Amino acid sequence: MDVLSKLGDIDNRILYIILILVLLIPMVRPIGIPISIGPWTRTSFAVLSSLKSGDKVIFDFGYNVDGAPDVEPIAQAVMADLFKRDIKIICVCYNAQGVMIAEKLLRPYEEQGKVYGVDFCNLGYVAGEETALAAYARDLKKTFPLDVRGNHTATLPILEGVTGAPDVEAWVFFTDGGAEPWVRQVGPLNVPVIGGLITVSAPNAEPFVQSGQLAGLLIGLRGAAEYEILTNNPGAAVAAMDAQSLGHLLLILFIVFGNIAFFVKRSKGPIGSKEVSK
């Protein structure tokens, strides 16, 4: 019982060190704690897994850097899967920060041998928000006459035979806002549309999947981890989910043992009381 009562007196700094270690270990070496796969992730995977080598997919980057922790793991997981299967990726955005984000994600694959203009391209940014989205969904080359590297888009092999959304096999957007612009502008163009959203935005987008206006949703860090598991490619998202799960478990244990220590001390007498010498 003395051991239990002493648990309440552990230095807070020791608890912080334990918490840091518990969070770091799975980030370095993922454990693979089992997680259930949500229905929206399964519908997204069903669409993307049906793509064949040589098919073309548009990646639409609509999130800012401050929204990246919850959205970027989705883009990383899907990009890794598609490139592994030799599917070509066309990047666009009406968010100014999207150009930088796309270049950062594409760079490692170019270093590994993917060829710009053949396996992937980054058409860049065009101002106008939803109006811009409506424009490039219907005519990519007219909206983006030059890509971010100064190439004439009409000369890029990856865009041969591609005018707009109906000419690609899927459109995947990533946003820290709502899904409505893509539902309105891309949804009616006869192409499967999948949304990668931050967790808090997902409830508003789920009716669009139920109505068939979106082909699927990938929601936050959890959605990225689920997709990595479905593609048998556990990576950063699975590691982060491991860390998150272990961190929550450790905090629960701290609370349980703290309460045990409190009740053990109280059973020995009023807490904070001192014996009065007679």
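Residues numbered from 1 in each chain as written. Predicted model: local features only at pLDDT ≥ 70, side-chain atom pairs only at ≥ 80, totals over all residues. Heavy atoms only, no water.

Q: Just to check I follow, could you spell out the sheet that holds strand E2 (residues 88-93) for this structure?
A: Read across the open sheet, the 6 strands follow the order E3-E2-E1-E4-E5-E6; overall the sheet is parallel. The sheet is open, and its two borders are formed by strand E3 (120-125) and strand E6 (216-219), each paired with just one other strand. On average, each strand axis in the sheet is inclined to that of its neighbour by 15 degrees, with strand direction left out of account. Where strand E5 (residues 193-197) lies against E6, 4 bridges are found, and the strand directions are parallel. Looking across to E6, one finds that Gly195 is bridged to Leu217. Its contacts with the sheet place helix H10 (residues 220-230) against E5 and E6, and it is angled at close to 110 degrees to E6. (Pairing = 2+ DSSP bridges. Helix = DSSP H or I, 4+ residues; strand = E, 2+ residues; numbered from the N terminus. Axes fitted to C-alpha atoms, helices over the stretch in contact; angles between N-to-C directions. Contact = heavy atoms within 4.5 Å.)

Q: I tried to follow the packing of aromatic side chains on my own but got confused; where do I start?
A: To describe a pair of aromatic rings, one takes the distance between the centres and the angle between the planes. In total, this model carries 12 aromatic pairs according to the counting rule given. Geometrically, the ring pair formed by Tyr94 and Trp182 is stacked, given 5.6 Å between the ring centres and 25 degrees between the ring planes. Of this pair, Tyr94 sits in the loop between E2 and helix H5 (98-111) while Trp182 sits in helix H8 (residues 180-185), and the two are 88 residues apart along the sequence. Tyr94 gets classed as buried once you look at its relative accessible area, which sits at 16%. According to the relative accessible area criterion, Trp182 is buried, its value standing at 1%. Their ring planes at 5 degrees and their centres at 6.1 Å tell us that Tyr136 and Trp171 sit as a pair that is stacked. Separated by 35 residues along the polypeptide, Tyr136 in helix H6 (residues 130-138) and Trp171 in strand E4 (residues 170-175) bring together distant segments of the chain. Of the two residues examined, Tyr136 and Trp171, each falls in the buried class. Ring pairs connect the aromatic residues Phe59, Phe61, Tyr63 and Phe174, which therefore count as one cluster. (Phe/Tyr/Trp six-rings, centres within 6.5 Å; stacked < 30°, edge-to-face > 60°. Buried < 20%, exposed > 50% of the residue type's maximum accessible area, 1.4 Å probe, protein only.)

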